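Topology and contacts: notes
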Amino acid sequence: MVAVSEAAPQIHLEHVEKTYPNGTIALRDVTLEIPKQDFVFLVGPSGAGKSTLVRLLIREEKATAGTIRVEGQDLSRLKRRHLPYLRRKIGMVFQDFKLLPNLTVFQNVAFALRVTEGALRHLKPKVEEVLSIVGLEGKETKFPDQLSGGEQQRVAIARALVHDPRIFLADEPTGNLDPATSWEIIQLLLQINARGTTVMMATHNREIVDVMRRRVVAIEGGQIVRDEDAGGYHAPALESH
Amino acid sequence: MHRLWNRIDFAFSSAWQNFWRNAAVSVASVLIVWVVLLALGSLLLVLHSLDQIVALEKTKASAISVYLADTTPLTSAMDFKLHLENDPRVTNVTYVSKDQAMARFRQLPALDPSVIDTLGTNPLPASLDVTVRDIRDLAAIDQEVRSSPLVDKSPATNYEPNVIDKIILLARVAGIAGLVLIIGLTGLSVFIIMLTIRTAIYLRRKEIEVMKLVGATDWFVRWPFIVEGLIVGVVGAAVAVLIVGFGYRPAVINLQSVLIFIPLAFDPAYLRVVLAAMLVFGLLLGSVGSYLGVRRFLKQ
């Protein structure tokens, strides 16, 4: 086990390659450092490798070459039985929410605690706490199909927060939402970031990235083509001021 | 304690939901388990009965009953007895009168005494029960006594060569045929339980995806399906156990009334062993089937 010093980045990729069994090269020589409490946009066209990068971080996929460290832990050496504990440190939301349609809002959030054997005593206060963070008090007994898209994404965010994750990964979280609702979700992610959680958001949403002026990592053809603090969706040279 | 309870509660409630969500497939797998265990239980009991018969026939093997004609006077019978006793091959001869024969007959299990009373006269012959030193001499003695005018002609003796060999052969054939059948059915039932579990996994794929995403362990994901397989095994076994448990005694009694001279007996101690074996085998089928069902799926 590697000790995590204050200086060590929370997420560290070094010369990471990912080639799928069918020969598709998804990532080539990706080196990236993300310190604690950073807020990073991951941008790039479809198929550029954004989703692959996200999948590598929760080790849904293994890198073909290079090393990935999350919280000091080398993911290529992580044993399968330790994988669930990595996942509990990382909150994840997706474009399609991945809520269970036959469970209520409360049950959907509680599900994440139940299946990770959280003590049942602490279940109710914890679920209520995260639901109030995302502003869904009073909707506990609603089912997902009774909610708007934005509300569903809030449920997904609440579910991702129940384990007090150190890292929050959002893969196109606003992809299915209208602009106003998208901004609400972004506000929520900023709030989560302000509470000390590192946030990484893969997105196509140019407007949000440009307005936010946060760190931007751009991927194209499986390579990092740009990494700047307070960046925009496109490279500065292409932008007309 | 809370964690363990949560784990058990989650596994059982999910398993129960799975069972009813694909009820048709679940019922099919219960039925096949039931058939396997019914075959297993029946085979064990049939083989046991054949064993009982062989054991009893073996004790009778060195003796034959020579039936005397009703016209034979007692003095002639006693002379004949003396003649047989002087034979060096014979160790013992016992005279059994018609009345004694009837008294024995009345003691046969599952025979209604009132039926015998309606006969009026006693149809049973008196006999000389001859015990020999060496079983191989039985055939020669049987031949000799048949020629005596004192001896009844229909039948002359109860000598049945090779009866034990025939029963042992029957037991062996029944055992092998039953074993082949049970092995085949076992394979089939494990396969069907596996399909049931795969169906349940397919129906729960969204839940499983979320469970893995939020950090559930592999075993937490697997347990509900293993429990579902165990439920299938236990339910199938329970039905089979009830049928065999309550059916064995009536079956023995019915067979006793049909096969009066075959010594079948109800053996409750052996029945308990058979029922326990059935239950264990049912659990085994369920757990192996569901383990095979979850094994491949949860590997990434």
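Residues numbered from 1 in each chain as written. Chains lettered and ligands numbered in written order. Predicted model: local features only at pLDDT ≥ 70, side-chain atom pairs only at ≥ 80, totals over all residues. Heavy atoms only, no water.

Observations regarding the overall build of chain A
Quick reminder of the rule: Where helices and strands are cited, they refer to DSSP runs of H or I of at least four residues and of E of at least two residues respectively, numbered from the N terminus. Radius of gyration means the value over C-alpha atoms here, while the globule rule gives 2.2 Å times the residue count to the 0.38 power. Here the term buried applies to any residue with accessible area under 20% of the maximum for its type, exposed to any over 50%, and partly exposed to those in between, with areas from a 1.4 Å probe on protein chains only. Each accessible area is a Shrake-Rupley result for a 1.4 Å probe, and residues are judged covered by the shown protein chains and nothing else.
A tally of helices and strands in chain A yields seven helices and ten strands. The globule rule puts the C-alpha radius of gyration for 241 residues at 18 Å, and the 18 Å found for chain A is close to it. Its C-alpha atoms give chain A principal-axis dimensions of about 50 × 50 × 40 Å. Evaluated residue by residue, chain A yields a buried proportion of 54% over its 241 residues. Surface exposure of chain A reaches about 10900 Å², of which carbon and sulfur atoms provide 49%.

Let's talk about the confidence of the model for chain B
Caution applies to low-pLDDT parts of the model: their predicted coordinates are not meant to be read in detail. All names here are of chain B. What counts is decided by this rule: Every residue carries a pLDDT, the predictor's confidence in it, which falls somewhere between 0 and 100.
Chain-level pLDDT for chain B is 85 on average; 95% of the residues reach the 70-or-more range. Per-element confidence in chain B is highest for helix H8 (residues 205-213), whose mean pLDDT is 92, and lowest for helix H5 (residues 113-117), whose mean pLDDT is 70. This prediction of the complex comes with two scores: 0.75 for pTM and 0.88 for ipTM.

Considerations on the environment of Ser65 of chain B
Residues and elements named next belong to chain B. As a reminder of what qualifies: The contact rule is simple, with two residues in contact once any of their heavy atoms fall within 4.5 Å. Within 3.5 Å is the distance limit for a polar contact, defined as a pair of N or O atoms, with the added protein rule that one can donate a hydrogen and the other accept it, and that residues adjacent in sequence qualify only through two side-chain atoms.
You can see Ser65 is positioned in strand E1 (residues 63-67). Between the alpha carbons of Ser65 and Ala240 there is a distance of 43 Å; along the sequence they are 175 residues apart. For Ser65, the contacting residues outside a window of four places in its chain are Ser127, Leu128, Asp129, Ala156, Thr157 and Asn158. Among the polar contacts listed, one links the side chain of Ser65 to the side chain of Asp129, at a separation of 2.8 Å.

Examining the nonpolar core
Most often, soluble globular proteins have nonpolar side chains that are buried together. Worth spelling out the cut-off: The criterion is simple. A nonpolar core is a set of buried Ala, Val, Leu, Ile, Met, Phe, Trp, Tyr and Cys residues joined through side-chain atoms within 4.5 Å.
Of all hydrophobic cores here, the largest spans 100 residues; its most connected members are Phe41, Leu131, Ile157, Phe168 and Leu189 of chain A together with Met278 of chain B. If one sorts the elements of this core by residue count, helix H9 (residues 218-258) of chain B sits on top with 13 residues. Every residue in contact with Leu131 of chain A, bar those within four places of it in the chain, is listed here: Val105, Phe106, Val109, Leu136, Glu137, Glu140 and Ala158 of chain A. Val16, Met92, Ala202 and Val217 of chain A belong to the second largest nonpolar core, which has 31 residues in total.

Details of the packing of aromatic side chains
Our working rule: Pairing of aromatic rings covers Phe, Tyr and Trp, the last counted by its six-membered ring, and requires centre-to-centre distances within 6.5 Å; plane angles under 30 degrees mean stacked, over 60 mean edge-to-face, and any other angle means tilted. Working rule: Lys NZ or Arg CZ, within 6 Å of ring centre, within 35 degrees of ring normal, means a charge sits over the ring.
Taken as a whole, this structure holds eight aromatic pairs over all chains when the rule is applied. When the centroid spacing of 6.0 Å and the interplanar angle of 5 degrees are considered together, the rings of Trp16 of chain B and Phe19 of chain B count as stacked. Residue Trp16 of chain B and its partner Phe19 of chain B are both found in helix H1 (residues 2-21); the two are separated by three residues, about one turn of the helix. Here Phe19 of chain B falls in the buried class, since its relative accessible area comes to 6%. Clustering of aromatic rings is evident, with ring pairs tying together Phe111 of chain A together with Phe10 and Phe220 of chain B. Sitting above the plane of the Tyr202 of chain B ring, Arg205 of chain B keeps its charged end 4.0 Å from the centroid.

Considerations on the interface of chain B and chain A
Interface size, as often reported, equals the accessible area lost upon joining of the parts. Rules: We define buried area as the total accessible area lost by two parts upon association, computed with a 1.4 Å probe and summed across both. Salt bridges are counted wherever a side-chain nitrogen of Lys or Arg sits within 4 Å of a carboxyl oxygen of Asp or Glu.
With 23 residues of chain B at the contact, the number on the chain A side is 27 residues. With both chains or domains summed, chain B and chain A bury close to 2300 Å², and 55% of this area falls on carbon and sulfur atoms. Taken together, the links from chain B to chain A amount to three salt bridges. Residue Asp9 of chain B pairs with Arg114 of chain A through a salt bridge whose shortest N-O separation is 2.9 Å. Summed over the shared surface of chain B and chain A, the number is five residue pairs in polar contact (both at pLDDT 80 or more). When contributions to the side of chain B that touches chain A are tallied by element, the ones reaching two or more residues are H1, H8 and H9 of chain B.

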